[in-house]
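Residues per chain, in single letters:
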Amino acid sequence: MSEKAWSGRFHEPVSELVKQYTGSIDFDKRLARWDIQGSLAHAQMLQQAGVLSEADLAAITEGMQQISAEIQQGTMPWSLDLEDVHMNIERRLTDKIGDAGKRLHTGRSRNDQVATDIRLWLRDQISLIVDLTEKVQLALVDLADEYAEVVMPGFTHMQVAQPVSFGHHMLAYVEMLGRDVERMQDCRHRVNRMPLGAAALAGTTFPIQRETTAALLHFEAICQNSLDAVSDRDFAIEFVAAASILMMHFSRLSEELIYWMSPRFGFIDIADRFCTGSSIMPQKKNPDVPELVRGKSARVIGHLMGLLTLMKSQPLAYNKDNQEDKEPLFDTVDTLVSTLRIYADMMRGVSVNPENMRQAVLQGFATATDLADYLVKKGLPFRDSHEVVARAVRLADEAGVQLSDLSLETLQSFSPLIDQDVFSVLTPEGSLEARNHLGATAPVQVRAQVQRWRDKLVWVDTDNH
Ligand code: ARG
């Protein structure tokens, strides 16, 4: 059982420490399902090419079915002596079916095998990630729909800038996630290419038919250079880059949820089931989930740096360094999947406090630009009107009141162009409605965007999987 596949070349067995250091079975057994998928397609191709007999193929198929069942039931005996998932499965197959199992590896190497496994696995994960991201988008669209008319302060430099619709703010994230979905889908095309046939690095002397294997595995394309096929992991790096951007977006949203929930803001509340208390301060309700999302974005970004660094000094072709690609990749997928699942749920547990948002708008001179625009429409050049409004803001600030609290007379002392109709311009709602064009914050525009996204997301089903 413990005999290595290459034992013939060596005078002594590998040391225990080396076995532990070089083994990957503890983590790469996760690829078993995809390893078997790849092996079955390879075997079928070999049979069609006349390299394997029909009897061998039948035995391999039957043996692999048994192994799949054992893996599912948790009875597959994984062994560190056999180093990795590929050799564990091959040995198990040989134990079950004899020589046919030993013939499976004809015309192939673990180098093209592992690259194939990762790609098969990753393309499935990307599809799942796209689905889950769209669920979060739908939850945000629902919030945008419900709160299209709610005004909140829009910030620049974290200073109150202009009123925006809360729905508009939610839709900003829907846009970001929409590009994340595009990046994932685009990256999937480059993941979905088949290395199998490259063998160790140079191809094989057997009459393989790579098109057949690729068709059986539903690959979109075949890697065209054997050295490249076994060595580069750019497809994985690209995926983790897209994942990092996605996590960065969630980290930003989390940051906002965290301070919106602070009693100093009181803009939102997050349902208790997503929060925790403090062991010492009885009054505390902490937004742990968004804080952890913000924190977990760091590990995904770290994995991106890890994979880039792993790759950057490797000469062609395969090097064992590449075994280190798996844990960061697995952890990236696990982090994304759990983050997306919890986020879709959590956003449905967000409640909004429109009154506090409106109060914050009123306290920040958020409609100063509206007053400036008003004067421009009455004929004043924008730079002059900016100056006029700045002086009015200074006066109101010193008096501790809002622009709309100033009397018409006072306002007119800054510009005779100001009239009674100015007061509708100074309300947060008036400000919102006045920005009525594509991409702006007027509630009718927000609703149009909500509809646009609903049409795009029409296939998303809302139960969690
Ligand atoms: N466990 C290895 C990996 O993850 C499989 C490929 C090993 N190839 C080799 N020539 N040692 O990369």
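Placed above this text is the structure.
Summary of the structure given here. Since this is a predicted model, take the numbers as computed values, not measurements. (Residues numbered from 1 in each chain as written. Predicted model: local features only at pLDDT ≥ 70, side-chain atom pairs only at ≥ 80, totals over all residues. Heavy atoms only, no water.)

1. Side note on the overall build of the protein
Alright, step 1. Along the protein, the regular secondary structure elements total 20 helices and six strands.
Alright, step 2. In terms of overall size, the protein is more extended than a compact globule, its C-alpha atoms giving a radius of gyration of 30 Å where 465 residues would be expected to give roughly 23 Å.
Alright, step 3. Counting only C-alpha atoms, the protein reaches 100 × 50 × 40 Å along its principal axes.
Alright, step 4. The burial tally for the protein puts 49% of its 465 residues in the buried class. (Helix = DSSP H or I, 4+ residues; strand = E, 2+ residues; numbered from the N terminus. Rg over C-alpha atoms; globule rule 2.2 N^0.38 Å. Buried < 20%, exposed > 50% of the residue type's maximum accessible area, 1.4 Å probe, protein only.)

2. Focus on the pairing of strand S1 (residues 151-156)
Alright, step 1. Note: S1 against strand S2 (residues 159-165), six bridges, orientation antiparallel. Opposite Met152, over in S2, you have Val164 as the bridge partner.
Alright, step 2. Between the antiparallel neighbours S1 and S2 lie two residues, among them His157 with a positive phi of about 55°. (Pairing = 2+ DSSP bridges.)

3. As for helix H3 (residues 32-48)
Alright, step 1. The end-to-end C-alpha distance of H3 is 24 Å, a good match for the 24 Å that 17 residues give at a rise of 1.5 Å each.
Alright, step 2. Along H3, the positions that sit buried rather than exposed are Ala32, Trp34, Asp35, Ile36, Gly38, Ser39, Ala41, His42, Ala43, Met45 and Leu46.
Alright, step 3. Of the surrounding elements, those touching the buried residues of H3 are helix H2 (25-28), helix H4 (54-73), helix H5 (85-97), helix H6 (99-103), helix H7 (110-146) and helix H9 (210-216). (Expected span 1.5 Å × (residues − 1). Contact = heavy atoms within 4.5 Å.)

4. What about the pattern of salt bridges?
Alright, step 1. Applying the stated criterion across every chain, the model contains 30 salt bridges.
Alright, step 2. For the salt bridge of Arg452 with Glu175, the shortest nitrogen-to-oxygen distance reads 3.3 Å. Here Arg452 is found in helix H20 (residues 443-456), whereas its partner Glu175 is found in helix H8 (residues 166-191), with 277 residues between them in sequence.
Alright, step 3. Residue classification places Arg452 among the partly exposed residues on the basis of a relative accessible area of 35%.
Alright, step 4. A relative accessible area of 29% places Glu175 in the partly exposed class.
Alright, step 5. Two residues, Lys285 and Asp269, come together in a salt bridge whose shortest N-O distance is 3.2 Å. Taken as a pair, Lys285 in the loop between strand S5 (268-270) and helix H12 (288-312) and Asp269 in strand S5 lie far apart in primary sequence, 16 residues in all.
Alright, step 6. Of the residues examined, Lys285 reaches a relative accessible area of 27% and is grouped as partly exposed.
Alright, step 7. When its relative accessible area of 32% is taken as the criterion, Asp269 is described as partly exposed.
Alright, step 8. Taken together, the salt bridges that share partners define one network made up of Asp142, Asp145, Glu149, Arg348, Arg447 and Arg454. (Salt bridge = Lys/Arg side-chain N within 4 Å of Asp/Glu carboxyl O.)

5. Comments concerning the side chain of His42
Alright, step 1. Here His42 is to be found in helix H3.
Alright, step 2. At 2.8 Å, the side chain of His42 and the backbone oxygen of Thr106 are in polar contact. (Polar contact = N/O pair within 3.5 Å; in protein donor to acceptor, adjacent residues only side chain to side chain.)

6. Points about the site of the ligand
Alright, step 1. In the vicinity of the ligand, the residues found are Ser24, Asp28, Asp84, His86, Arg110, Asn111, Val114, Tyr318, Gln323 and Lys326.
Alright, step 2. At 3.3 Å, a side-chain N or O of Arg110 approaches a nitrogen atom of the ligand.
Alright, step 3. Here Lys326 contributes a side-chain N or O atom positioned 2.5 Å from an oxygen atom of the ligand.
Alright, step 4. A total of 340 Å² of accessible area belongs to the ligand in isolation, and the protein chains cover 86% of it.
Alright, step 5. Counting residues per element, the shell around the ligand draws most heavily on H7, at three residues. (Near = heavy atom within 4 Å. Areas by Shrake-Rupley, 256 points an atom, 1.4 Å probe, with all protein chains shown as cover.)

7. Some thoughts on the side chain of His169
Alright, step 1. Looking at where His169 falls in the secondary structure, it is placed in helix H8.
Alright, step 2. Given a relative accessible area of 17%, His169 falls into the buried group.
Alright, step 3. Here His169 is in contact with Met152, Glu256 and Trp260, once residues within four sequence places are set aside.

8. A few points about the packing of H7 against helix H13 (residues 326-347)
The angle between the axes and the distance between the axes are what describe a pair of packed helices.
Alright, step 1. Packing of H7 against H13 leaves a shortest axis separation of 9 Å and a crossing angle of 20°. Between H7 and H13, the interaxial angle falls into the category roughly parallel. Crossing angle aside, the handedness with which H7 passes H13 is left-handed.
Alright, step 2. Residue composition of the contact of H7 with H13, grouped by class: 20 nonpolar, two polar and three charged. (Axes fitted to C-alpha atoms, helices over the stretch in contact; angles between N-to-C directions. Parallel < 35°, antiparallel > 145°, perpendicular 65-115°, else oblique. Left-handed = near helix turned anticlockwise from the far one by under 90°. Nonpolar A, V, L, I, M, F, W, Y, C, P; charged D, E, K, R; others polar.)

9. Comments concerning the state of the cysteines
Alright, step 1. This model, assessed by the stated rule, comprises zero disulfides.
Alright, step 2. Cysteine Cys187 remains unbridged, with the sulfur of Cys223 as its closest cysteine sulfur at 14 Å.
Alright, step 3. For Cys187, a relative accessible area of 1% gives the class buried.
Alright, step 4. Judged by its relative accessible area of 8%, Cys223 falls in the buried class. (Disulfide = S-S within 2.5 Å.)

10. So, the nonpolar core
Alright, step 1. Counting 88 residues, the largest nonpolar core has Phe239, Ile268 and Met347 as its most contacted members.
Alright, step 2. Considering each element in turn, this core owes the most residues, 16 residues, to H7.
Alright, step 3. Once residues lying within four places of it in the same chain are set aside, the contact partners of Phe239 are Leu122, Ile126, Ile129, Met184, Cys187, Leu329, Thr332 and Val333. (Core = buried A, V, L, I, M, F, W, Y, C linked by side-chain atoms within 4.5 Å.)

11. Let's talk about the packing of aromatic side chains
Alright, step 1. Per the counting criterion, the structure on display carries eight aromatic pairs.
Alright, step 2. Where Tyr259 meets Phe265, the ring centres are 4.8 Å apart and the plane angle is 50°; that geometry is what we call tilted.
Alright, step 3. A relative accessible area of 23% means that Phe265 is categorised as partly exposed.
Alright, step 4. Note on Phe265 and Phe267: the rings are 5.2 Å apart at their centroids and 85° apart in plane angle, and the pair reads as edge-to-face. (Phe/Tyr/Trp six-rings, centres within 6.5 Å; stacked < 30°, edge-to-face > 60°.)

12. Some details on unusual backbone geometry
Alright, step 1. Note that the residue after Leu316, namely Ala317, is joined by a cis bond; omega there is 0°.
Alright, step 2. Here Ala317 lies in the loop between H12 and H13.
Alright, step 3. One non-glycine residue, Met158, adopts positive backbone phi at about 60°.
Alright, step 4. Within the fold, Met158 resides in the loop between S1 and S2.

13. A look at helix H16 (residues 382-399)
Alright, step 1. Here H16 spans 26 Å end to end across 18 residues, near enough to the 26 Å set by a 1.5 Å rise per residue.
Alright, step 2. Among all positions of H16, only Ser385, Val388, Val389, Ala392, Val393 and Ala396 are buried. Buried positions in H16, seen along its axis, are confined to an arc of 140° and lie on one side of it. Facing away from the buried side of H16 by over 90 degrees, the exposed positions are Arg383, Arg394, Asp397 and Glu398.
Alright, step 3. Buried-residue contacts for H16 involve helix H15 (368-377) and helix H17 (408-414). (Arc of directions from axis to C-beta.)

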